[in-house]
Amino acid sequence: MVPNSTNEIMVKTNTSTGPWLDAWRSFRKNKVALVGAGIVLFFLLLAILGPLIAPQGINDQSLKDRLLPPSSQFWFGTDDFGRDIFSRIIHGARISLWVGFSSVIGSVVVGSVLGIVAGYYGKWIDTIISRIFDIMLAFPSILLAIAVVSVLGPSLQNALIAIAIINVPNFGRLIRSKVLSIKEEEYITSAKAIGMKDFRILFSHILPNSMAPVIVAGTLAVASAIIEAAALGFLGLGAQAPAPEWGKMLADARVVLRNAPWAMIFPGIAIMLTVLGFNLMGDGLRDALDPRMKN
């Protein structure tokens, strides 16, 4: 239908929005995704404000208060050293989120660079990088992380490095597949025709147009990284005592499981809720950013 007036043309122009604004509006309509975002925001605030709201010190020991059940004084009870579990879980949120975000950022940076180079230049460079990715993906991720930490030594920092390494192939292959399709677009051909340098093409045109799936994958990868950090901590290869890392708290609570199940229940709930929040938010972002999911 042809517009009958200039006003109608202006109305239609003003209602048009960019892809990111459309994605935000679509995300806001997803109630489940908003619940996930709310959970993530809650734990982020918990990590930021932890020292201000924790009622006890994370390493304050009191043997007369050991293995006390949840009460008005100790909301989540105490562990076998008389430490307040609630305060340790609050501080543990900072550790788990720091490991999750830092490892994923490292994976995204390294994987994106390798994926862009492999997809854009192709030939023998693509073959070498792709085979490295295939070899890394041939191992179960947790076993590869254990191998890396075993070489570097058990610590929270080395666990972070190991988690970042095992996620590099996932982002590298994702970026590579996007680059292979984007580099055939007409605007990339035009950029090459006018003599634009490869570096500018890669980081001014190809990379920005490849970020949508990376954002979704990164959000979901944070959840996986938190689980992997907890698993390494549970095995004694991640955070070391007396750090209040959730996986380490689960490992320490095994010996008192029968007498004080709350020492294991509450750290487990914290891990479950954090991972659930990131997964729900990641699914919502995927639905909002993927054009194939829109009506």
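Note that this is a predicted model, so its numbers are computed, not measured. (Residues numbered from 1 in each chain as written. Predicted model: local features only at pLDDT ≥ 70, side-chain atom pairs only at ≥ 80, totals over all residues. Heavy atoms only, no water.)

1. Some details on empty space enclosed by the protein
Right, so step 1: Evaluated as defined, the whole model comprises one cavity of 30 Å³ or more.
Right, so step 2: Here the largest cavity defines a volume of roughly 110 Å³.
Right, so step 3: As for the largest cavity, its lining consists of Asp79, Asp80, Arg83, Ile85, Arg88, Met249, Asp252, Ala253, Val256, Ala263 and Pro267.
Right, so step 4: At the level of secondary structure, the elements contributing two or more residues to the lining of the largest cavity comprise α4 (85–121), α11 (246–253) and α12 (262–289).
Right, so step 5: By residue number, the principal contributor to the lining of the largest cavity is α11, which donates three residues.
Right, so step 6: Per-class residue counts for the lining of the largest cavity are six nonpolar, no polar and five charged. (1 Å grid on protein atoms, 1.4 Å probe; cavity = no way out; pocket = protein on both sides within 12 Å on 5 of 7 lines; lining within 4 Å. Points joined across faces, edges and corners; volume = space filled by probe spheres on them. Helix = DSSP H or I, 4+ residues; strand = E, 2+ residues; numbered from the N terminus. Nonpolar A, V, L, I, M, F, W, Y, C, P; charged D, E, K, R; others polar.)

2. Regarding unusual backbone geometry
Right, so step 1: One non-glycine residue, leucine 67, adopts positive backbone phi at about 60°.
Right, so step 2: By the element assignment, leucine 67 lies in the loop between α3 (31–53) and α4.

3. Here's the deal with the confidence of the model for the protein chain
Right, so step 1: Of all residues in the protein chain, 91% attain a pLDDT of 70 or more, and the chain-wide mean is 84.
Right, so step 2: Contacts of residues 5–16 to residues separated by more than four positions or lying in other chains number three contacts, the stretch itself having pLDDT below 50. (pLDDT = per-residue confidence, 0-100. Contact = heavy atoms within 4.5 Å.)

4. Examining the packing of aromatic side chains
Right, so step 1: With the rule as written, the count across this model stands at seven aromatic pairs.
Right, so step 2: Ring centres of phenylalanine 76 and phenylalanine 266 lie 4.2 Å apart, and the angle between their planes is 0°; on these two criteria the pair is classed as stacked. Here the residue phenylalanine 76 occupies a position in the loop between α3 and α4, and phenylalanine 266 occupies one in helix α12, the gap between them amounting to 190 residues.
Right, so step 3: For phenylalanine 76, a relative accessible area of 22% puts it in the partly exposed group.
Right, so step 4: An angle of 70° between the planes, with centres 5.7 Å apart, marks the rings of phenylalanine 101 and phenylalanine 278 as edge-to-face. With phenylalanine 101 in helix α4 and phenylalanine 278 in helix α12, this residue pair connects regions lying 177 residues apart in the sequence. (Phe/Tyr/Trp six-rings, centres within 6.5 Å; stacked < 30°, edge-to-face > 60°. Buried < 20%, exposed > 50% of the residue type's maximum accessible area, 1.4 Å probe, protein only.)

5. Some details on a nonpolar patch on the surface
Right, so step 1: A cluster of nonpolar side chains, namely Leu41, Leu45, Ile48, Leu49, Leu52 and Ile53, defines an oily patch on the protein surface of about 600 Å² accessible area.
Right, so step 2: If you trace the backbone, leucine 52 turns up in helix α3. (Patch = residues over 30% accessible without salt bridge, like charges linked within 9 Å, V, L, I, M, F, W, Y side chains within 5 Å. Areas by Shrake-Rupley, 256 points an atom, 1.4 Å probe, with all protein chains shown as cover. Salt bridge = Lys/Arg side-chain N within 4 Å of Asp/Glu carboxyl O.)

6. Some thoughts on the packing of helix α6 (residues 141–152) against helix α7 (residues 156–182)
Between two packed helices, the angle of one axis relative to the other and the distance separating the axes together describe the packing.
Right, so step 1: Contact geometry of α6 with α7 gives a least axis separation of 9 Å together with a crossing angle of 140°. For the element pair α6 / α7, the angle class is oblique. Regarding α6 and α7, the two cross each other, and that crossing is right-handed. Note on element contacts: α7 touches α6 through Asn158, Ala159, Ile161, Ala162, Ile165 and Ile166, opposite Ser141, Leu144, Ala145, Val148, Val149 and Leu152.
Right, so step 2: Of the residues belonging to the contact of α6 with α7, the class tally is ten nonpolar, two polar and no charged. (Axes fitted to C-alpha atoms, helices over the stretch in contact; angles between N-to-C directions. Parallel < 35°, antiparallel > 145°, perpendicular 65-115°, else oblique. Left-handed = near helix turned anticlockwise from the far one by under 90°.)

7. Quick notes on the pattern of salt bridges
Two side chains carrying opposite charge are able to pair once their charged atoms lie near each other.
Right, so step 1: Here the structure, examined in full by the defined rule, presents six salt bridges.
Right, so step 2: Between aspartate 126 and arginine 176 there is a salt bridge, with the nearest N and O atoms lying 2.7 Å from each other. With a gap of 50 residues between them, aspartate 126 in helix α5 (residues 123–137) and arginine 176 in helix α7 connect regions that are remote in the sequence.
Right, so step 3: Notably, a salt bridge pairs arginine 286 with aspartate 283, separated by 3.8 Å at the nearest N-O pair.

8. Some remarks on the nonpolar core
Right, so step 1: Grouped together as the largest cluster of nonpolar side chains are 70 residues, with contacts concentrated most on Phe43, Val104, Ile201, Ile206, Leu232, Trp246 and Phe278.
Right, so step 2: With twelve residues, the single largest contributor to this core is α4.
Right, so step 3: When neighbours within four sequence positions are excluded, leucine 232 is seen to be in contact with Ile142, Ala145, Ile146, Val149, Ala159, Ile163, Leu237 and Gly238. (Core = buried A, V, L, I, M, F, W, Y, C linked by side-chain atoms within 4.5 Å.)

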